[in-house]
Amino acid sequence: MMEPPVSASEMSDTAPPLVRNRAGLPGATLVGISTKMYLGYRESLRWLEQVRTVVGRRSSLDKSDVRVFVAPSFPVLAEAGQIFQGTHIVLAAQNCGWADGPFTGEVSPGMLAELGVELVEIGHAERRRLFNESEQMVQRKVRAVVASGMTPLLCVGELDRLSETAAAQFCFGQVEAAIGGQQSLLRQMVLGYEPEWAIGAAKAAAPDYVNAV
């Protein structure tokens, strides 16, 4: 998947028009990217068109269990859904609120579902660290995403360098907290692992370490 260029500026109950088949995400091999806040509005649209072209050239993806996902900024989700129509690209969101209603500045899971979003990042390290998202908030968001017919992409990762076993135990604890004893949620979510200590570091975590964890 190509890296986005850095810019200087860097369910409801009714059937939504852009919703596609959401079955099969848990268990699939997902390859994708979040643009975070690196791209402006027009630059985002140009880049999304490029993604559609690049993925469209790989016809073998249609017959594999690999699914490509893209999580653009909230303001371009509707346009992204239109651009990806007729493709196998999964439209994803970078975050959401835990309910519809009076939460100023948040984006409701119901609205995301209406826009055709299939996958929602929950509990990213930046959300946990910079916005103080607690395990309880992550749990509520996971349940809200599932209730709205979408798939949570639960982000897990240890804070500091640990042994492989200790890191795995830490991540397992994050998963346990996110499902809150509701084991059925495990079959309805996707796990995304990234050690927090490696985010933005000069050197990424070693592949052998990541695979072991």
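Residues numbered from 1 in each chain as written. Predicted model: local features only at pLDDT ≥ 70, side-chain atom pairs only at ≥ 80, totals over all residues. Heavy atoms only, no water.

Student: Which residues make up the confidence of the model for the protein chain, and what values go with them?
Tutor: On average, residues of the protein chain score 87 in pLDDT, and 89% of them are at 70 or above. Per-residue pLDDT stays below 50 along residues 1-23; that stretch engages in 68 contacts with residues further than four places along the chain or on separate chains. (pLDDT = per-residue confidence, 0-100. Contact = heavy atoms within 4.5 Å.)

Student: Please provide a residue-by-residue account of the environment of Ser108, values included.
Tutor: Considering the arrangement of structural elements, one finds Ser108 in the loop between strand 3 (90-93) and helix 3 (109-114). The buried category is assigned to Ser108, whose relative accessible area is 17%. Linking Ser108 and Ser148, residues 40 residues apart in sequence, is a C-alpha distance of 9.7 Å. Aside from chain neighbours lying at most four places away, what touches Ser108 is Ala99 and Asp100. Of note is the side chain of Ser108, whose polar atom sits 3.2 Å from the side chain of Asp100. (Helix = DSSP H or I, 4+ residues; strand = E, 2+ residues; numbered from the N terminus. Buried < 20%, exposed > 50% of the residue type's maximum accessible area, 1.4 Å probe, protein only. Polar contact = N/O pair within 3.5 Å; in protein donor to acceptor, adjacent residues only side chain to side chain.)

Student: Tell me what's going on with the nonpolar core, and back it up with residues and numbers.
Tutor: Inside soluble globular proteins, nonpolar side chains tend to come together where they are buried. Counting 37 residues, the largest nonpolar core has Leu48, Phe84, Leu112, Val117, Val120, Val142 and Leu154 as the members making the most contacts within it. Not counting residues within four places of it along the chain, the set of residues in contact with Leu154 comprises Ile122, Arg128, Val138, Val142, Gln174, Val175, Ala178, Met189, Val190, Leu191 and Gly192. By size, the runner-up hydrophobic cluster in this structure holds nine residues, among which are Val90, Leu119, Leu153 and Val190. (Core = buried A, V, L, I, M, F, W, Y, C linked by side-chain atoms within 4.5 Å.)

Student: Tell me about the packing of aromatic side chains, and name the residues and values.
Tutor: Applying the stated criterion across every chain yields a total of two aromatic pairs. Aromatic pair Trp98 and Phe103: ring centres 5.6 Å apart, planes at 65 degrees, arrangement edge-to-face. With centroids separated by 5.9 Å and ring planes inclined at 65 degrees, the aromatic side chains of Trp197 and Tyr209 adopt a geometry described as edge-to-face. With Trp197 in the loop between strand 6 (190-193) and helix 7 (207-212) and Tyr209 in helix 7, this pair connects stretches of sequence that are twelve residues apart. The buried category is assigned to Trp197, whose relative accessible area is 19%. Geometry around Phe131 places Arg127 over its ring, the cationic atom sitting 4.1 Å from the centre. (Phe/Tyr/Trp six-rings, centres within 6.5 Å; stacked < 30°, edge-to-face > 60°. Lys NZ or Arg CZ within 6 Å of the ring centre and 35° of its normal.)

Student: Got a sec to walk through the layout of surface pockets? Specific residues and values, please.
Tutor: Considered as a void within the structure, the largest pocket measures approximately 1000 Å³ in volume. What lines the largest pocket is a set of 34 residues, among which Gly32, Glu121, His124, Tyr193 and Glu194 lie closest to the centre. Listing elements by their share of the lining of the largest pocket, those giving two or more residues are strand 1 (29-34), helix 4 (125-130), strand 5 (151-156) and strand 6. Here the lining of the largest pocket takes five residues from strand 1, the largest share from any one element. (1 Å grid on protein atoms, 1.4 Å probe; cavity = no way out; pocket = protein on both sides within 12 Å on 5 of 7 lines; lining within 4 Å. Points joined across faces, edges and corners; volume = space filled by probe spheres on them.)

Student: Account for unusual backbone geometry, naming residues and giving values.
Tutor: Negative phi characterises most residues that are not glycine, and trans characterises most peptide bonds. At Lys36, a position not held by glycine, the phi torsion is positive, near 50 degrees. Topologically, Lys36 is positioned in the loop between strand 1 and helix 1 (41-56). Notably, Asn132 is not glycine yet its phi reads approximately 55 degrees, a positive angle. Inspection of the secondary structure assignment puts Asn132 in the loop between helix 4 and helix 5 (135-147).

Student: I'd like a description of the side chain of Ser34, backed by residues and values.
Tutor: Along the chain, Ser34 falls in strand 1. A distance of 3.2 Å separates a polar atom in the side chain of Ser34 from the backbone nitrogen of Lys36. With sequence-adjacent residues up to four places away left out, Ser34 is seen in contact with Ala71, Gln94 and Glu121.

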